Structures are given as structure tokens and as C-alpha cells.
Amino acid sequence: MISILQGTADFAYILGFALFSCFVAFLWSPLLIKTLYKLNIIKGSKRELSNIDSRKNKGETPVMGGLLIIITVAFITFFFNWSRSFTWVPIGVMLLSALLGGVDDLLSVFGGERRSRKLSQVLNLIRVHRELKMRIWYIITLPWSVFRRISVWVGSRTNKGVHVHEKLLLQFIAGSITAWWIYEKLGPAWHYIYLPYGIDIFIGWFIIPIIIFIVMFTANAVNIADGMDGLAGGMLISSFSALTLLSWINGFGEIAILNATTVGALVAYTYFNIKPARFMMGDVGSLGLGALFAVNTLAIGEIGSIFFLGFLFYVEAITVLIQIAGRYILGRRIFKMAPIHHHFEILGWSEEKTIMRFWMIHFIFVIFGVWLALH
Amino acid sequence: MNTKIISDRTLEMIDQYKNFHIGNTVCSIPYFNNKHYGRRAGLRVEIGKGSPKDIFEEIKNKALEQGVDMKSFDSESLKRFLVDNDIGIDCSAFVYYLLNEESLSKKKGGLDRHLHFPFSKGIIGKIKSKIRPVENTDVKTFAYDKNSKVIPIKNAQVGDIITMTNGLNNGNRDHILFIYQIEYQNFLPIVLHYIHATAWPTDGEYGHGIHEGRIDILSLERPLVEQRWIENDKTGEENYTFVNAKKNQTKLRTLPFLC
């Protein structure tokens with residue numbers, strides 16, 4: 001366990017940030033809600049589920065409600081908790097991921113249909129395009145075209161919004177920034193993986209790809225879990241509350257304050273996101289908060305318990321992978337629909353029942369994660 | 001005269017395709033051949049290889065997606081729904097599921113344990129055929145000598161198959177029939193009852209699916225295509241299954257591991 005006791009803050013002081021952040025978020029939420037409705041930023045419900053009775057009015061709920069959290073957290077951190085050592089990279093990574101999510105949200109609502117050329121078409125263009133510079137361009141970008149087609153084959157939808165391969169690239173950049181910061185700037189103590197019961201494994205530079213993977217996977221996991229009113233918000237409250245506690249215990253005052261600030265903003269967000277939601281988080285919130293959760297967990301050296309601290313987010317993401325594997329390898333669906341909260345929805349669970357049970361399951365696993373981290 | 005019929009377990013599988021139930025509504029599963037569409041690596045139910053359970057789940061999903069109340073189906077609308085959503089079964093998958101049930105009823109394990117996949121090349125091909133046997137079993141696989149043996153009509157048993165291959169050379173598709181009942185006289189077969197998934201030109205857009213027919217054995221010495229084929233009350237050139245059989249190499253085969 002890493003414990004640096006630098007910038008340690010009184011826990012009551014930390015909790016003060018949660019209250020302050022909640023207050024600020026509530027204060028400007030009417031403005032955001034009004035703006036989102038005015039701009040009509042509405043994605044609509046998932047097509048496959050749009051005919052479920054409980055989902056029929058979701059087509060009128062705007063997205064990008066996650067801005068409430070992202071802007072509140074960034075604002076408070078910038079003015080009251082700015083630390084070159086500990087907060088600027090988490091906030092930077094969060095904002096980069098949120099920007100990506102925001103562009104995706106906006107393109108999904110206002111953008112036109114996008115197409116993805118087949119590889120054979122690209123190869124044909126290389127052969128027959130009348131302009132030499134375009135042929136060279138297609139040759140240079142061929143690896144990207146291959147990557148893009150592979151992502152389409154594994155399920156990336158080639159319609160509106162940012163495509164999966166583009167998201168992955170930008171998330172890779174966000175992960176790389178995090179890895180560089182943790183590996184280079186935070187020091188040799190972060191070249192270890194700390195497991196419970198005092199097991200420390202030195203992995204040196206190999207921590208870099210692990211960090212990149214965790215940041216990318218977590219951002220997407222939170223994004224995947226954001227599919228029901230209040231689901232991701234409620235679960236994130238548990239996860240960030242646990243992180244607040246752990247970062248305080250480990251002596252990371254600034255990060256504890258950052259986590260507490262996030263909890264406060266999340267409470268305000270979830271208040272408006274509970275069914276019937278006034279807005280939905282959107283990719284702007286889910287990708288940003290997923291990345292922030294990963295960065296903060298890694299920064300306080302809790303890589304060993306991150307799976308439990310974000311338990312249901314990871315489970316949701318894993319069910320999507322299992323579903324894809326089932327489809328392409330076995331030729332059948334493993335779940336009625338993925339991620340798994342839709343599976344239960346199709347089984348007939350009400351949205352409220354699914355969400356509250358998920359909250360509870362997640363909560364108990366987060367407690368287990370904290371327990372594990374303290375060992 | 002006596003009659004032999006396939007196991008109850010296999011009959012039940014036939015019934016699930018022939019009289020597919022959604023609540024009290026019944027229709028037969030339509031014919032669907034993926035060769036028209038060329039879908040790859042999808043769900044098996046999307047490429048005409050689904051079991052009745054797969055098909056039921058797919059109907060539920062599609063109905064939910066399209067806002068169709070499944071309780072509102074009658075036989076005709078259910079069939080239309082299936083055809084319009086490309087849900088159906090092809091001939092080899094239908095026979096695969098029947099033979100699989102027959103193998104299980106004889107306590108010989110699943111069919112995939114016994115089949116060889118000569119047309120699956122390389123390690124990837126072998127793995128694919130082991131993981132997705134239904135999708136990788138076509139008529140030629142059934143007709144492969146290590147999987148089945150050509151037998152004379154006099155040795156026909158329930159659970160045997162009739163394969164029609166080499167269709168590609170003359171523009172016809174390979175096809176397969178499953179023999180589920182045989183009438184004997186003096187221990188020699190006189191009528192073979194078969195069932196298969198097919199689409200006749202006269203079936204129209206929605207009439208295709210599971211067909212039953214019979215082959216009256218006129219002479220045990222003559223080949224199958226010189227016997228009397230009756231299906232949908234049609235014989236001779238009006239019987240498209242018979243026409244197909246004549247155009248192809250049509251053979252009666254038995255699967256040794258089921259004997």
C-alpha cells in the first residue's frame with residue numbers, strides 16, 4: 001500500500017468539498033437542464049428496447065447531463081484544489097475523455113450518417129485513384145483502415161457518432177498520459193502492484209500497458225453501464241465514496257478532495273437522473289468519470305482492489321465481451337441482451353428493481369474492495 | 001406389413017419445427033438458406049441454422065424490437081413474421097438437429113462427437129467446426145464416406161438420410177432428406193417416409209418450410225430416382241423434390257454410428 005502522507009487533509013475538510021460540490025451542482029443544474037431541453041440534445045432509447053413500456057418516454061430525455069458533474073468537478077478542483085503533483089493529470093484525463101464523449105453525444109444527435117469503406121474499396125482506391133497524392137494517403141493510412149474495419153467486424157456500428165476505433169485511439173492517448181504521469185512523475189513506488197496481505201510485485205515499466213488498459217477499459221465500462229436511469233450515477237457514488245476514504249487513509253489529501261468533490265456532484269446529478277430522468281449522463285459524463293475513477297484508483301496505488309471498487313462496471317463490460325464472443329465463436333447469444341442490465345430488463349424486471357438491486361450488489365462489493373485494500 | 005418409426009425424442013424435434021408454437025399459435029418453420037444472403041460469423045439463427053429454442057428467442061427479440069405483440073400472432077401472421085425477418089431453417093441444419101436427437105436417444109452422445117468435417121481446412125477450420133458443428137455441417141459433410149455409407153434400398157432403416165449432391169455442377173443446390181418412418185412387407189421396405197426443409201417454387205413467398213413426402217418402392221433393384229416419389233400429392237415432374245433428386249447424385253445413406 002502506498003502512503004505518502006503528503007497533502008493530508010482533515011476528513012471533515014474533505015467532506016466539506018462533497019457538500020460544497022453538491023451545492024454548486026444543484027445551483028446551476030436548472031440552467032443545464034433548460035439548455036439541454038432548449039438545444040434538444042436527444043438521442044432516444046436503444047432501438048431494440050424502445051418498445052418496452054417503461055422506455056417509451058425515454059425518447060424525450062436529453063443526454064449530456066454528465067456535464068453537471070464534469071464541469072462542477074473541474075471548476076471546483078481548478079479553483080480550490082489545484083495541485084501540479086496530484087490533480088491536474090486526473091482532471092486533464094477526465095476532460096479529455098469527456099471531450100471525446102461530448103463530441104460523440106453531439107455527433108450522435110446532430111451529425112449525419114457516417115460510412116466506413118470496406119478494405120477492398122480502400123485497396124481499389126490505392127490502385128485506381130487518379131491523384132497520386134491520394135493514393136499515397138490511402139497507403140499511409142492503410143493500417144488505420146484495417147483497424148477501422150476490424151472494429152466494424154467486431155460490432156462497431158457504422159452510423160452516427162464517433163466510431164469505436166476512433167474512441168479507442170483517443171482513450172489510448174488518455175491512458176498513455178495517465179501511464180506517463182504515474183510511471184514518470186509519481187515515482188518508483190508506483191512501479192509495483194500492491195496486493196492485499198502485503199504482497200508487492202515489482203513490474204517496472206510493464207505497469208505502463210497495464211495502466212493504459214485499465215484506463216481504457218474502465219472508461220468504457222462506465223459508459224456501458226450507463227443504460228438506465230440512475231444506474232451509473234448511483235454506482236459511481238459508491239465507488240467514489242470508497243475512493244475518497246481510501247485516498248484519505250493512504251494520505252493523498254488532494255485526491256481525496258477530488259473524489260469527494262466528484263461524490264457531491266454525483267449526488268446532485270443522480271437526484272435529477274432518477275426515474276423519470278430529467279436528463280441522461282451521456283458519453284460526456286460516463287467516459288470522463290470512468291477515466292477519472294481509473295486514474296484516481298491507480299494514483300493511490302489501489303490497483304489490486306480496483307476490480308471490486310468498480311465491480312459492476314467491470315461485470316457489465318465483461319458481459320458485453322462475453323456476448324460478442326458468444327455471437328462470433330459459438331453462434332448464439334449467451335445473454336438475452338448485453339450489457340447484463342438489459343438481460344434482466346428483458347426477463348421482465350422493472351427498471352427500478354434492476355437499478356436498486358445493482359446498486360446494492362455494487363455497494364457490497366465496493367465495501368469488499370475497501371476491506372481488501374485495507375489489508 | 002409392419003411399420004418402424006423414429007424415436008420419440010426425434011419425433012418431438014420434428015414436431016417442434018413442423019408445429020412451432022408461440023402460445024396457442026402454431027406454424028411450421030419456414031425454409032431459409034443463407035447462400036442467398038452470405039451472412040458470416042453471425043448468430044446461427046440468423047443463418048438458417050437455429051434450433052427451435054434459438055428461433056423462439058429470436059422471435060421474442062425481433063418482436064420486442066419491432067413493437068409486435070406476440071399474443072396477437074395467428075398462424076398466418078406468425079409465418080409472415082418469420083419469413084419477413086429471415087428466420088428459418090435450411091435442409092442440412094434441420095437434419096442435423098434430428099440426427100442429433102436420434103444419437104442422444106440411443107445414448108451415443110451429441111452428433112458432433114461422431115461427425116468428421118473434411119471440408120474444414122486448417123487448424124482454424126477444425127476448431128470452428130468443433131465449436132460450431134451445426135453451421136459447418138452441410139450436405140457434403142453428411143455425404144462424406146467417413147460420416148455415412150451408401151446402402152441399398154433393401155437395407156433402409158429409420159434415421160437414414162437421402163443426400164443429393166454435386167448440385168453445383170448443374171446449378172442445383174445440394175439437398176438432404178431424413179427418413180423417419182418405413183413400412184415393411186416381408187422385412188423389406190415398401191415405403192420410405194421422409195421429411196425435409198425446403199422451398200418449392202410453388203410454395204410462394206410464405207408457404208415453404210418443413211415438407212413431408214414418401215417414396216413408394218417399386219423395385220428394390222432400381223435406384224431411388226426410379227421409385228415413385230409423392231410429396232404434397234405431387235408426383236413426377238410436379239414433385240420438385242423428385243426433380244431435384246433426378247438432377248443430382250441421389251443416394252440413400254446410413255450413419256454407421258447410429259446403427
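Refer to the structure above for everything that follows.
Definitions and limits used
Residues numbered from 1 in each chain as written. Chains lettered and ligands numbered in written order. Predicted model: local features only at pLDDT ≥ 70, side-chain atom pairs only at ≥ 80, totals over all residues. Helix = DSSP H or I, 4+ residues; strand = E, 2+ residues; numbered from the N terminus. Rg over C-alpha atoms; globule rule 2.2 N^0.38 Å. Buried ≥ 20, exposed ≤ 12 C-beta atoms within 10 Å, placed from the backbone. Contact = placed C-beta atoms within 7 Å. Axes fitted to C-alpha atoms, helices over the stretch in contact; angles between N-to-C directions. Parallel < 35°, antiparallel > 145°, perpendicular 65-115°, else oblique. Left-handed = near helix turned anticlockwise from the far one by under 90°. Nonpolar A, V, L, I, M, F, W, Y, C, P; charged D, E, K, R; others polar. Pairing = 2+ DSSP bridges. Expected span 1.5 Å × (residues − 1).

Novice: What exactly am I supposed to notice about the overall build of chain A here?
Specialist: Per the secondary structure count, chain A includes 15 helices and two strands. Taken against the 2.2 N^0.38 rule, which gives 21 Å for 375 residues, the C-alpha radius of gyration of chain A at 21 Å falls within 12% of a compact globule. Each principal axis of the C-alpha distribution contributes one length, and for chain A these read about 65 × 50 × 40 Å. Residue burial in chain A is summarised as follows: out of 375 residues, 47% are buried. Counted over contacts in chain A with a minimum sequence separation of 6, partners at least 24 positions apart contribute 79%.

Novice: Explain the packing of helix 10 (residues 253-273) of chain A against helix 11 (residues 282-299) of chain A to me, please; I cannot follow it from the model alone.
Specialist: For any two helices packed against each other, the geometry is given by the interaxial angle and the distance between the axes. Residue and element names in this part refer to chain A. With their axes 11 Å apart at the nearest point, helix 10 and helix 11 run at an angle of 150° to one another. Overall, the two elements helix 10 and helix 11 adopt an arrangement that is roughly antiparallel. For the pair helix 10 and helix 11, the sense of crossing is left-handed. Along the contact surface, helix 10 presents Ile255, Leu258, Asn259 and Thr262, while helix 11 presents Leu292, Asn296 and Ala299. Residue classes in the contact of helix 10 with helix 11 are distributed as four nonpolar, three polar and no charged.

Novice: I'm lost on the packing of helix 1 (residues 11-39) of chain A against helix 10 of chain A in this one. Help?
Specialist: Residue and element names in this part refer to chain A. One can describe the packing of helix 1 onto helix 10 by two numbers: an axis separation of 7 Å at closest approach and a directional angle of 40°. For the pair helix 1 and helix 10, the crossing hand works out as right-handed. Here helix 1 contributes Ile14, Leu15, Phe17, Ala18, Leu19, Phe20, Ser21, Cys22, Ala25, Phe26, Ser29 and Ile33 to the contact with helix 10, which in turn contributes Ala256, Ile257, Ala260, Thr261, Val263, Gly264, Ala265, Val267, Ala268, Tyr269 and Phe272. Of the residues contributing to the contact of helix 1 with helix 10, the split by class is 19 nonpolar, four polar and no charged.

Novice: What's the story with the pairing of strand 10 (residues 249-254) of chain B in this structure? I'm lost.
Specialist: Side chains on a regular strand alternate between the two faces of the sheet. Residues and elements named next belong to chain B. In terms of strand pairing, strand 4 (residues 149-150) meets strand 10 through two bridges, oriented antiparallel. Paired with Val150 across the bridge in strand 10 is Arg253. Bridge count between strand 5 (residues 161-165) and strand 10: five bridges; the pairing is antiparallel. Note that in strand 10 the partner of Met164 across the bridge is Thr250.

Novice: Help me understand the pairing of strand 1 (residues 192-195) of chain A, please; the structure alone is not making it clear to me.
Specialist: Residue and element names in this part refer to chain A. Bridging between strand 1 and strand 2 (residues 199-202) involves four bridges; their strand directions are antiparallel. The partner of Ile193 across the bridge, within strand 2, is Ile201. If you look at the hairpin formed by strand 1 and strand 2, you'll find three residues sitting between the two strands, and Tyr197 has a positive phi there, around 60°.

Novice: Would you mind showing me how to read helix 13 (residues 311-330) of chain A here?
Specialist: Each turn of an α-helix holds 3.6 residues, which means side chains three or four residues apart point in the same direction. All names here are of chain A. With 20 residues, helix 13 extends 27 Å from end C-alpha to end C-alpha; this agrees with the ideal 28 Å at 1.5 Å per step. Regarding helix 13, the residues found buried are Phe311, Leu312, Phe313, Tyr314, Val315, Glu316, Ala317, Thr319, Gln323 and Arg327. Residues of helix 13 that are buried sit in contact with helix 8 (207-225), helix 9 (231-249), helix 12 (306-309), helix 14 (340-347) and helix 15 (351-373). Downstream of helix 13 by a residue or two, Gly331 has a phi angle that is positive, lying close to 75°.

Novice: Teacher, can you tell me more about the environment of Ser92 of chain B here?
Specialist: All names here are of chain B. Relative to the assigned elements, Ser92 resides in helix 4 (residues 91-105). The buried category is assigned to Ser92, around which 26 C-beta atoms lie within 10 Å. For the pair formed by Ser92 and Lys49, sequence separation is 43 residues and the distance between their alpha carbons is 8.4 Å. Excluding residues within four positions of it along the chain, Ser92 makes contact with Thr137, Asp138, Val139, Phe142 and Ile176.

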